[in-house]
Amino acid sequence: DSGVTQTPKHLITATGQRVTLRCSPRSGDLSVYWYQQSLDQGLQFLIQYYNGEERAKGNILERFSAQQFPDLHSELNLSSLELGDSALYFCASSPSVGGNYEQYFGPGTRLTVT
Amino acid sequence: AQTVTQSQPEMSVQEAETVTLSCTYDTSESDYYLFWYKQPPSRQMILVIRQEAYKQQNATENRFSVNFQKAAKSFSLKISDSQLGDAAMYFCAFERGGGADGLTFGKGTHLIIQP
């Protein structure tokens, strides 16, 4: 158990819909990362927040957005869903930023778009 | 932008034998970190080993060790005394020193352990 929690574990929804994925980082971690794992694209970095502020953006679509709240939990919002958005979405947390801090991954949320 | 290449989609090894997984990367950065992550069938991402680019000494964690060749931009993972529990997908990953853009992953190598 990494100490990072993600809810829900599974989500099934229809095309065009909007969903919210939630992540609670390890106690004391200030940095949260979101990753997408799909068969087509592999594992991709989406976005990073540090202490409530957006710090880095990766291959995140404009239909996707995220935020980190004052209690440091984070939410990833996916809208106008398409079949290709079906994937495993990971959240990871670390105490700070930089490769000298290990990223601890949550168990992921499996999103299926039908 | 950085790229990470794992040229072996699948590898198979006999239990108790040694196996080496290959990874090459491309970057113009001088300050960076390299990682190997394990993803078993449970899908949990588990850090296996980490290497700082500024360190010449190869990292070692129990049965896992790396061969870091900075000039060749190569970062292979050696698993000694392979165990059934080592069966998983293994991902090589890169992160810039400032951590400004998350982890860049390779496509992964599926490791099969033959009993």
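Structural data are supplied above this passage.
Please read these numbers as outputs of a predicted model, since none were measured by experiment. (Residues numbered from 1 in each chain as written. Chains lettered and ligands numbered in written order. Predicted model: local features only at pLDDT ≥ 70, side-chain atom pairs only at ≥ 80, totals over all residues. Heavy atoms only, no water.)

## With respect to the packing of aromatic side chains
Stated precisely, the cut-off is as follows: Two aromatic rings from Phe, Tyr or Trp, using only the six-membered ring of Trp, form a pair when their centres are within 6.5 Å; if the ring planes differ by under 30 degrees the pair is stacked, by over 60 it is edge-to-face, and anything between is tilted. Starting at the N terminus, helices and strands are each numbered in turn, a helix being any DSSP run of H or I of at least four residues and a strand any DSSP run of E of at least two. For the exposure calls, accessible area comes from a 1.4 Å probe over protein chains only, and a residue counts as buried if that area is under 20% of its type's maximum, exposed if over 50%, partly exposed in between. The rule for a charge over a ring is simple: NZ of Lys or CZ of Arg within 6 Å of the ring centre, and within 35 degrees of the ring normal.
All told, the structure shown has 16 aromatic pairs over all chains when counted by the stated rule. Taking 5.1 Å as the distance between ring centres and 25° as the angle between the ring planes, the aromatic pair formed by Tyr32(B) and Phe94(B) counts as stacked. Of the two residues, Tyr32(B) is situated in strand β5 (residues 32–39) and Phe94(B) in strand β10 (residues 88–96); the sequence distance between them amounts to 62 residues. Across this residue pair, the class does not change: Tyr32(B) and Phe94(B) are buried. Centroid distance Phe91(B) to Phe105(B): 6.2 Å. Interplanar angle 85°. Geometry classified as edge-to-face. Of this pair, Phe91(B) sits in strand β10 while Phe105(B) sits in strand β11 (residues 104–105); the two residues are 14 residues apart in sequence, bridging distant segments of the chain. By relative accessible area, which is 4% here, Phe91(B) ends up buried. Taking NZ or CZ as reference, Arg26(A) lies 3.7 Å from the ring centre of Tyr104(A), over its face.

## As for the state of the cysteines
Residue and element names in this part refer to chain B. Heads up, the rule is: Criterion for a disulfide: a pair of cysteine sulfur atoms within 2.5 Å.
Taken as a whole and assessed by the stated rule, the structure comprises two disulfides over all chains. A sulfur-sulfur separation of 2.0 Å characterises the disulfide bridge that pairs Cys-23 with Cys-92. On the sign convention where negative means left-handed, the S-S torsion of about -70° between Cys-23 and Cys-92 marks this disulfide as left-handed. Placement of the pair is Cys-23 in the loop between β3 (19–21) and β4 (24–26) and Cys-92 in strand β10, with a sequence separation of 69 residues. When sorted by exposure, Cys-23 lands in the same class as Cys-92, which is buried.

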